[in-house]
Amino acid sequence: QFQKPEDAVKYRKASFTVLAAHFGRVGAMANGRVPFDAKVAAESAAIAETMSKLPWEAFGPGTDKGDTRAQPAVWTEQAKFKAAGEKMMGEVAKLNAAAKTGNLDQIKAAFGAAGASCKACHDDFRKN
Ligand code: ASC
């Protein structure tokens with residue numbers, strides 16, 4: 001567990017940062033900004049799935065202060081927050097499954113759905 005609340009905040013931000021980096025690499029291919037490389041996409045999607053599971057334990061009591069954009073709703077609407085996190089994890093898992101097939105059309109579809117699940121949670125639970 002975390003020694004201090006700041007450690008939890010750092011941990012969750014770090015996991016979201018690594019998630020975004022690898023989700024973004026897949027997205028660049030899904031959007032045609034970089035050439036599709038099935039192996040790179042699959043590696044990044046697998047890392048994204050692993051990262052997607054990590055931040056949640058770091059939203060414990062007392063971690064609502066300091067250098068965080070988390071909104072109070074994270075703690076006042078815990079069931080809704082948990083559901084939003086689970087939705088995101090599910091969509092990122094589907095993206096990883098799609099990436100394993102190496103089929104770009106499947107990756108594109110799964111990427112869109114996963115991005116929407118990121119955004120939905122940000123809209124409700126993250127400042128700006
Ligand atoms: C990303 C990223 C997010 C989501 C979100 C989707 O690539 O870093 O937070 O997609 O922008 O709307």
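First things first, this report covers the structure right here in the doc. Keep in mind the model is a prediction, meaning the values are calculated, not measured.

## Comments concerning the environment of Glu49
And step 1. By the element assignment, Glu49 lies in helix H2 (residues 38–52).
And step 2. Measuring from C-alpha to C-alpha, the distance between Glu49 and Asn31 comes to 20 Å, with 18 residues separating the pair along the chain.
And step 3. Those residues in contact with Glu49, other than ones at most four positions away along the chain, are Val92, Ala93 and Asn96.
And step 4. Among the polar contacts listed, one links the side chain of Glu49 to the side chain of Asn96, at a separation of 2.6 Å.

## Observations regarding the packing of H2 against helix H4 (residues 78–101)
And step 1. Following both chains from N to C, one finds H2 and H4 inclined at 160°, their axes separated by 8 Å at the closest point. Judged on the interaxial angle alone, H4 and H2 are roughly antiparallel. Classified by chirality, the crossing of H4 by H2 is left-handed. Where H2 abuts H4, its residues Ala41, Ala42, Ala45, Ala46, Ala48, Glu49 and Ser52 lie against Met88, Met89, Val92, Ala93, Leu95, Asn96 and Ala99.
And step 2. Considering only residue class, the contact of H2 with H4 consists of eleven nonpolar, two polar and one charged.

## Let's talk about the site of the ligand
And step 1. Inspection of the region around the ligand gives Ala20, Phe23, Gly115, Cys118, Lys119 and His122 as its neighbouring residues.
And step 2. Its free accessible area being 310 Å², the ligand has 57% of it covered by the protein chains.
And step 3. Elements with a contribution of two residues or more to the shell around the ligand: helix H1 (5–30) and helix H5 (104–125).
And step 4. Residue classes in the shell around the ligand are distributed as three nonpolar, two polar and one charged.

## Remarks on the pattern of salt bridges
And step 1. A full pass over the atoms with the stated rule returns eleven salt bridges.
And step 2. Between Glu86 and Lys82 there is a salt bridge whose closest N-O contact spans 3.1 Å. Taken together, the residues span about one helical turn, with Glu86 and Lys82 both in helix H4 at a distance of four residues.
And step 3. By relative accessible area, which is 43% here, Glu86 ends up partly exposed.
And step 4. With relative accessibility at 54%, the residue Lys82 sits in the exposed group.
And step 5. Here Lys94 and Glu91 are joined by a salt bridge, their closest N and O atoms 3.8 Å apart. Of this pair, Lys94 and Glu91 both sit in helix H4, three residues apart, which is roughly one turn of that helix.
And step 6. Look at the salt bridges and you will find they share partners, linking Glu77, Lys80 and Asp124 into a network.

## Remarks on the packing of H4 against H5
And step 1. Contact pair H4 / H5: the axes reach a minimum separation of 8 Å and the direction vectors enclose 165°. In terms of orientation, H4 lies roughly antiparallel with respect to H5. Crossing geometry of H4 relative to H5 is assigned as left-handed. Here Lys80, Phe81, Ala84, Lys87, Met88, Glu91, Val92, Lys94, Leu95, Ala98, Ala99 and Thr101 of H4 come into contact with H5, specifically with Gln106, Ile107, Ala110, Phe111, Ala113, Ala114, Ser117, Cys121, Asp124 and Phe125.
And step 2. Within the contact of H4 with H5, the residues separate by chemical class into 14 nonpolar, three polar and five charged.

Reading the values: the criteria
Residues numbered from 1 in each chain as written. Predicted model: local features only at pLDDT ≥ 70, side-chain atom pairs only at ≥ 80, totals over all residues. Heavy atoms only, no water. Helix = DSSP H or I, 4+ residues; strand = E, 2+ residues; numbered from the N terminus. Contact = heavy atoms within 4.5 Å. Polar contact = N/O pair within 3.5 Å; in protein donor to acceptor, adjacent residues only side chain to side chain. Axes fitted to C-alpha atoms, helices over the stretch in contact; angles between N-to-C directions. Parallel < 35°, antiparallel > 145°, perpendicular 65-115°, else oblique. Left-handed = near helix turned anticlockwise from the far one by under 90°. Nonpolar A, V, L, I, M, F, W, Y, C, P; charged D, E, K, R; others polar. Near = heavy atom within 4 Å. Areas by Shrake-Rupley, 256 points an atom, 1.4 Å probe, with all protein chains shown as cover. Salt bridge = Lys/Arg side-chain N within 4 Å of Asp/Glu carboxyl O. Buried < 20%, exposed > 50% of the residue type's maximum accessible area, 1.4 Å probe, protein only.

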